[in-house]
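Descriptive structure summary
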Amino acid sequence: MGLYRIRVSTGASLYAGSNNQVQLWLVGQHGEAALGTRLWPARGKETEFKVEVPEYLGPLLFVKLRKRHLLKDDAWFCNWISVQGPGAGDEVRFPCYRWVEGNGVLSLPEGTGRTVGEDPQGLFQKHREEELEERRKLYRWGNWKDGLILNMAGAKLYDLPVDERFLEDKRVDFEVSLAKGLADLAIKDSLNVLTCWKDLDDFNRIFWCGQSKLAERVRDSWKEYALFGYQFLNGANPVVLRRSVHLPARLVFPPGMEELQAQLEKELEGGTLFEADFSLLDGIKANVILCSQQHLAAPLVMLKLQPDGKLLPMVIQLQLPRTGSPPPPLFLPTDPPMAWLLAKCWVRSSDFQLHELQSHLLRGHLMAEVIVVATMRCLPSIHPMFKLIIPHLRYTLEINVRARTGLVSDMGIFDQIMSTGGGGHVQLLKQAGAFLTYSSFCPPDDLADRGLLGVKSSFYAQDALRLWEIIYRYVEGIVSLHYKTDVAVKDDPELQTWCREITEIGLQGAQDRGFPVSLQARDQVCHFVTMCIFTCTGQHASVHLGQLDWYSWVPNAPCTMRLPPPTTKDATLETVMATLPNFHQASLQMSITWQLGRRQPVMVAVGQHEEEYFSGPEPKAVLKKFREELAALDKEIEIRNAKLDMPYEYLRPSVVENSVAI
């Protein structure tokens, strides 16, 4: 009983306010009270009022709310509700951060994170069960294509729960940028439809509007040996390179190449031999675009790491050897310039295919979607791991639906311009699923497996490891607040169900690839949750942010190849131009690269989310320390980059997005 001070916060996005009335109830451990005041929530505003409650409520557990409407249901985006009890009592926060629709009653639990074990009286048990029951109806597993990891059910944007949709500012920016990209494409097409493309410089005709400084440098220097090798270390796809432990079996040396073999073996003995193997592309069906057959290769590149940190190519093999056929040619830097250039273009095109499908779509977007759906199905909003992870799941489902309906759909962008389109992209995704290992999602293990620890010129490796460690300490701080012993981990049924849902259901039985089906200790929880957050933040950023820089100049990353891989070394400029994408394919590649690769004006940097899902000083202190460590890393990278000829920015915390949102 006594006077309660109530504050209600409404979101700032367009349409977040509501013309409908909102009624509130306070639910305490010893009673419930309806508040007579009715609200009309205003966009971006906090509404405050005081109310006298005659009943003794005890410690507050929930705020219940109902939005009533007469003629039109006007949805309301509620950030949070806070309540300060009689006298000088502490203010209690009830986080919401979701849309309120219809006229049903919504219960918001007090913001302290609680596992089942931290609720011995079962005060929140019914709420947990009812919330998950409702969520499982909304968040259902689907299967976009047989043989792939699972995704959210629903083929269209309107099939998604409203809380997974873009808010208005994000939606408008995305759709306006798409319209601009299509307008640029139309202009480029109209300007070039009657012109002949005879020289590599002709690609400059479409290289305009919004290009980055690094993209311009790539255009000017893309033929250089060092830049070619640098991309495997720090480019848009830094996850394919590995240190060689033996010469690949596929590398067959024709007569007369004994000196090359000796050079490779010498680098191997010195630990300076690296390889980038694109065998995954072998056997993938190439696209047919407008009745014209496109082509794929499955290259192998052997590179040597110089004392100055430069990674230089030594040999390129474009195809795997075939029984009964002559060994495929080995292309060398000493070959005729056009032959060597064409071989490098084939490597860059193959890297583009694997990057967009395996590294970006599968390991970034689709993996994050598994985490989203499993989290929403298995962890109630009161669970501390839900509160920890939920900021890193924002907008992922909508951007993935947009990808499935626009980029990789039938007659989508991939079918129009990619050599892996027309069904090859799905075939590739299925085969790449076998390489979704637990260790490959955890930089300390992945970088060790690939022999990149200690490579001073691999700024990706250095920054990924640092960011992982910072996220791990953040997760460890929250885990230590709620799991005092390993037994508490084992005895958390919601946590165990969540882990099992990811591994056995979402990833379709990934325990044989190292993913856990249960979590038995606190350090296991920290590692698993860190993997989830890093996948949705740093790992996605590392393969997303480089697209505009490295793929805008089309010869450096051809979306398709129109002639078969060369089997001789007599290539001419005409051969190269006839192999690279035509002007329409190149223009469309650049337009999509600009739209998806540009810096997003509506973005939240990692750890900088405004939502406060946790109540209490302890988790806020953990978040504060996390942000301080991110700021320190950001400054260190800034200082390092100032000394570099080519700065590496893609894992700088100020540009890493907090979720897979683009």
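Note that the structure is predicted; figures quoted are calculated from it, not measured. (Residues numbered from 1 in each chain as written. Predicted model: local features only at pLDDT ≥ 70, side-chain atom pairs only at ≥ 80, totals over all residues. Heavy atoms only, no water.)

1. Examining the side chain of Lys-170
To keep it simple, the criterion reads: The numbering of helices and of strands both runs from the N terminus, where a helix is a DSSP run of H or I of at least 4 residues and a strand a run of E of at least 2. For each residue, the accessible area found with a 1.4 Å probe, counting protein chains only, is set against the maximum for its type, and the residue is called buried under 20%, exposed over 50%, and partly exposed in between. By the counting rule applied here, Lys and Arg register as positive and Asp and Glu as negative, while His and the ends of each chain are not counted. Each salt bridge in this description consists of a side-chain nitrogen of Lys or Arg and a carboxyl oxygen of Asp or Glu lying within 4 Å of one another. Only heavy atoms enter the contact rule, under which two residues are in contact if any of them lie within 4.5 Å.
Within the fold, Lys-170 resides in helix α2 (residues 168-192). The buried charged residue Lys-170 lacks any salt bridge, with Glu-657 as its nearest oppositely charged partner at 4.6 Å. The residues touching Lys-170, leaving out its near neighbours within four places in the chain, are Tyr-395, Gln-600, Val-602, Ala-661 and Ile-662.

2. Section: the nonpolar core
Soluble globular proteins tend to bury their nonpolar side chains together. To keep it simple, the criterion reads: The set of buried Ala, Val, Leu, Ile, Met, Phe, Trp, Tyr and Cys residues whose side-chain atoms join them within 4.5 Å is what this entry labels a nonpolar core.
Counting 168 residues, the largest nonpolar core has Phe-232, Met-385, Trp-498, Met-531 and Trp-550 as the members making the most contacts within it. The leading source of residues in this core is helix α6 (residues 337-378), at 22 residues. Leaving out residues up to four positions away in the same chain, Met-385 has contacts with Leu-379, Ile-478, Val-479, Tyr-483, Leu-495, Val-525 and Val-529. Judged by nonpolar contacts, the second largest core, of 26 residues, contains Leu-35, Leu-39, Val-63 and Ile-81.

3. Quick look at the sheet that holds strand β3 (residues 32-39)
Definition in use: Pairing between two strands requires that DSSP report at least two bridges joining them. Orientation is described by axes fitted as lines to C-alpha atoms, over the contacting stretch for helices, and by angles from 0 to 180 degrees between their N-to-C directions.
Pairing within the open sheet is antiparallel, and its four strands lie in the order β3-β2-β5-β8. The two strands at the open ends of the sheet, each matched to only one other strand, are β3 and β8 (105-109). Across the sheet, the mean angle separating the axes of adjacent strands is 25° when strand polarity is ignored. Taken together, the six bridges between strand β2 (residues 21-28) and β3 define a ladder with antiparallel strand orientation.

4. Let's talk about helix α19 (residues 617-642)
Threshold: A helix's residues, less one, multiplied by 1.5 Å, set its expected span.
Here α19 is 26 residues long and its end C-alpha atoms lie 38 Å apart, about the 38 Å a rise of 1.5 Å per residue gives. By the burial criterion, the buried members of α19 are Pro-619, Val-622, Leu-623, Phe-626, Glu-629, Leu-630, Leu-633, Asp-634, Ile-637, Arg-640 and Asn-641. In the core, the buried residues of α19 are packed alongside α12 (459-482).

5. Thoughts on the sheet that holds strand β6 (residues 76-84)
The strand order across the open sheet formed by four strands is β4-β1-β6-β7, and the pairing between neighbours is antiparallel. The open sheet has two free edges, formed respectively by β4 (46-53) and β7 (91-100), since each of these has just one partner strand. Averaged over all adjacent pairs, the angle separating strand axes in this sheet is 20°, with direction ignored. Across six bridges, the pairing between strand β1 (residues 2-10) and β6 is antiparallel.

6. Here we look at the packing of aromatic side chains
Stated formally: A pair of aromatic rings is counted whenever rings of Phe, Tyr or Trp (Trp by its six-membered ring) have centres within 6.5 Å, and the orientation is called stacked for planes under 30 degrees apart, edge-to-face for over 60 and tilted otherwise. Only Lys NZ and Arg CZ are tested; either one counts as a charge over a ring when it is within 6 Å of the ring centre and within 35 degrees of the ring normal.
A complete count under the given rule lists 19 aromatic pairs for this structure. Taking the centre distance of 5.6 Å and the plane angle of 85° together, the rings of Phe-228 and Phe-232 count as edge-to-face. Note that Phe-228 and Phe-232 are positioned in helix α4 (residues 225-234) at a spacing of four residues, about one turn of the helix. Of the two residues, Phe-228 and Phe-232, neither departs from the other in class, the shared state being buried. Each residue in the set Trp-197, Phe-203, Phe-207, Trp-553 and Phe-583 is aromatic and connected to the rest through ring pairs, giving one cluster. Stacked on the ring of Tyr-158, the Lys or Arg Arg-165 has its end atom at 5.0 Å from the ring centre. The ring of Trp-594 carries the charged tip of Arg-598 above its face, separated from the ring centre by 5.4 Å.

7. A short note on the pattern of salt bridges
Opposite charge on two side chains permits them to pair, given that their charged atoms come into close proximity. Tallied over the entire structure, the rule returns 38 salt bridges. Its salt-bridge partner being Glu-612, residue Arg-93 comes within 3.8 Å of it at the nearest N-O pair. One end of the pair, Arg-93, is in strand β7; the other, Glu-612, is in the loop between α18 (583-597) and α19, and 519 residues separate them in sequence. Note that Asp-277 and Arg-250 form a salt bridge whose closest N and O atoms lie 2.9 Å from each other. Note that Asp-277 is positioned in strand β12 (residues 273-277) and Arg-250 in the loop between β11 (241-243) and α5 (258-269), a separation of 27 residues in sequence. Overlapping salt bridges bring together Arg-165, Glu-168, Arg-171, Glu-175, Glu-398 and Arg-402 as one network.

8. Some points on the pairing of strand β16 (residues 311-317)
Among the seven residues that make up β16, seven are buried, leaving the element largely enclosed by the rest of the structure. Where strand β15 (residues 300-305) meets β16, six bridges bridge the pair, whose relative direction is antiparallel. Among the inter-strand pairings, Leu-303 is bridged to a residue of β16, identified as Pro-313. Both β16 and strand β17 (residues 330-331) contribute to a ladder of two bridges, which runs antiparallel. In the strand pairing of β17, Ile-316 is matched with Phe-331.

9. Some remarks on the UniProt feature "site: Essential for stabilizing binding to COTL1" (unreviewed entry) in the chain
Here is the rule we go by: UniProt positions are given in the numbering used here, feature names are shortened, and annotations may be inferred rather than shown by experiment.
When the UniProt feature table is mapped onto this chain numbering, "site: Essential for stabilizing binding to COTL1" (unreviewed entry) sits at Trp-99. Topologically, Trp-99 is positioned in strand β7. Here Trp-99 falls in the buried class, since its relative accessible area comes to 17%. Excluding residues within four positions of it along the chain, Trp-99 makes contact with Tyr-15, Ala-16, Ala-75, Trp-76, Phe-77, Val-162, Asp-163 and Leu-167.

10. Some details on the packing of α6 against helix α8 (residues 396-407)
Each packed pair of helices is defined by two parameters, the angle between the axes and the distance between the axes. What counts, and what does not: Roughly parallel refers to an angle under 35 degrees, roughly antiparallel to one over 145, roughly perpendicular to one between 65 and 115, and oblique to any angle outside these ranges. The hand of a helix crossing depends on one turn: near helix anticlockwise from the far one by less than a right angle means left-handed, and clockwise means right-handed. By the convention adopted, Pro, Cys, Tyr, Trp, Phe, Met, Ile, Leu, Val and Ala count as nonpolar, Lys, Arg, Asp and Glu as charged, and the other residues, Gly among them, as polar.
At a minimum axis distance of 10 Å, the contact between α6 and α8 shows a crossing angle of 135°. Judged by the angle between their axes, α6 and α8 are oblique. The crossing of α6 and α8 is left-handed. Residue-level contacts link His-365, Leu-366, Ala-368, Glu-369, Val-372 and Val-373 of α6 to Thr-396, Leu-397, Ile-399, Asn-400 and Arg-404 of α8. Grouping the constituent residues of the contact of α6 with α8 by class yields six nonpolar, three polar and two charged.

11. Let's talk about the UniProt feature "binding site: Ca(2+)" (unreviewed entry) in the chain
When the UniProt feature table is mapped to this numbering, "binding site: Ca(2+)" (unreviewed entry) covers Gly-17, Asp-74 and Ala-75. On the basis of their most widely separated C-alpha atoms, the annotated residues across 59 residues gather in one place, lying no more than 8.3 Å apart. Within the secondary structure layout, Asp-74 lies in the loop between β5 (60-68) and β6. Residue Asp-74 is classed as buried on the basis of its relative accessible area, which comes to 19%. Non-local contacts of Asp-74, meaning those with residues more than four positions away in its chain, are made with Gly-17, Ser-18, Asn-19, Asn-20 and Lys-67. Tracing the chain through its elements places Ala-75 in the loop between β5 and β6.

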